[in-house]
Amino acid sequence: QQAQQQMQQQQQQQQQAKLRELQLQPLTEASPEIAAPGVLGLGRLSSERDVVQHFVWRVDARKLRSSDRRAASPVFSLRLSGSAECEPAQFKILIRPTSVAETKGGSSFKKAKGRGALELNCLQSLDPGCTRSVRFRLAVGSQPPRGPVRHDFSLNTLCGLPEDLEQWDFSKEVDPLSDTFEVHLEVSTDDTALGEGDHDIGAHAM
């Protein structure tokens, strides 16, 4: 048991050393970029100074076999204004299962068989003076990113992809060894970032 504890401590030290080397900002105890397979959490894969912020969320695939009706990532922060007087806003990524029936339990992950939609959720009311519209893209596992979507979170705190792009088959991206899958978010307040072809969601409630 003592040898196992020493091994765990060594692994943690190696992870911390690699974290400093890559200059990643962990949002939980372990960033998925550097964690061993099976370790869950959310990490920032970019510097806060980068024009495009990139986050990855490693999700426990057992959620897809549960009767839950929502999964939420750990909280992370985004600066939506260039002003130093404006505090960063708090966000989560949400997964909602596809609704397959109007009856009770019809919108659970188990009923949806691994299918669902992703949403970006701001956890606070925003001052319009401290907010810019953001552009974001979402991806699951190795699938190509979808978007970008443009949205003003001071008008509505919840936004997802357009209807024709919102459905994902998460079950196809599950790693069988760790029984996890990854969700990627790229977001920016720069109008020129993340390529062409905006979907302007505006104040549309998801």
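The rules behind the values
Residues numbered from 1 in each chain as written. Predicted model: local features only at pLDDT ≥ 70, side-chain atom pairs only at ≥ 80, totals over all residues. Heavy atoms only, no water. Helix = DSSP H or I, 4+ residues; strand = E, 2+ residues; numbered from the N terminus. Buried < 20%, exposed > 50% of the residue type's maximum accessible area, 1.4 Å probe, protein only. Contact = heavy atoms within 4.5 Å. Polar contact = N/O pair within 3.5 Å; in protein donor to acceptor, adjacent residues only side chain to side chain. Salt bridge = Lys/Arg side-chain N within 4 Å of Asp/Glu carboxyl O. Core = buried A, V, L, I, M, F, W, Y, C linked by side-chain atoms within 4.5 Å. Pairing = 2+ DSSP bridges.

Draft legend 1. Looking closely at the environment of His54. As for its position among the elements, His54 is in strand S3 (residues 53-60). For His54, a relative accessible area of 22% corresponds to the partly exposed category. For the pair His54 and Arg137, spaced 83 residues apart in the sequence, the C-alpha separation amounts to 9.6 Å. Among all residues touching His54, those that are not within four sequence positions of it are Gly43, Arg44, Leu45, Ser46, His184, Leu185 and Glu186. Here His184 takes part through its side chain, which lies 3.0 Å from a polar atom of the side chain of His54.

Draft legend 2. Quick look at the pattern of salt bridges. For the structure on display, the rule yields seven salt bridges. Close ionic contact of Arg115 with Asp169 constitutes a salt bridge, the shortest N to O distance being 3.5 Å. Taken together, the residues Arg115 in strand S7 (residues 115-122) and Asp169 in strand S11 (residues 167-169) connect sequence positions 54 residues apart. Since its relative accessible area comes to 43%, Arg115 is described here as partly exposed. Across the salt bridge formed by Arg137 and Glu186, the nearest N and O atoms sit 2.7 Å from each other. In this pair, Arg137 is assigned in strand S8 (residues 134-140) and Glu186 in strand S12 (residues 180-188), connecting sequence segments 49 residues apart. For Arg137, a relative accessible area of 22% translates into the label partly exposed.

Draft legend 3. The nonpolar core, seen in detail. With 33 residues, the main nonpolar core has Ile95 and Phe136 as its most contacted residues. Those elements giving two or more residues to this core turn out to be S3, strand S5 (76-78), strand S6 (89-97), S7, S8 and S12.

Draft legend 4. Up close: the pairing of strand S2 (residues 41-44). What you see with S2 is no split at all: Gly41 and Gly43 on one side and Leu42 and Arg44 on the other are buried throughout. Where S2 and S3 come together, four bridges link them in antiparallel fashion. Bridge assignment links Gly43 to a residue of S3, and that residue is Val56.

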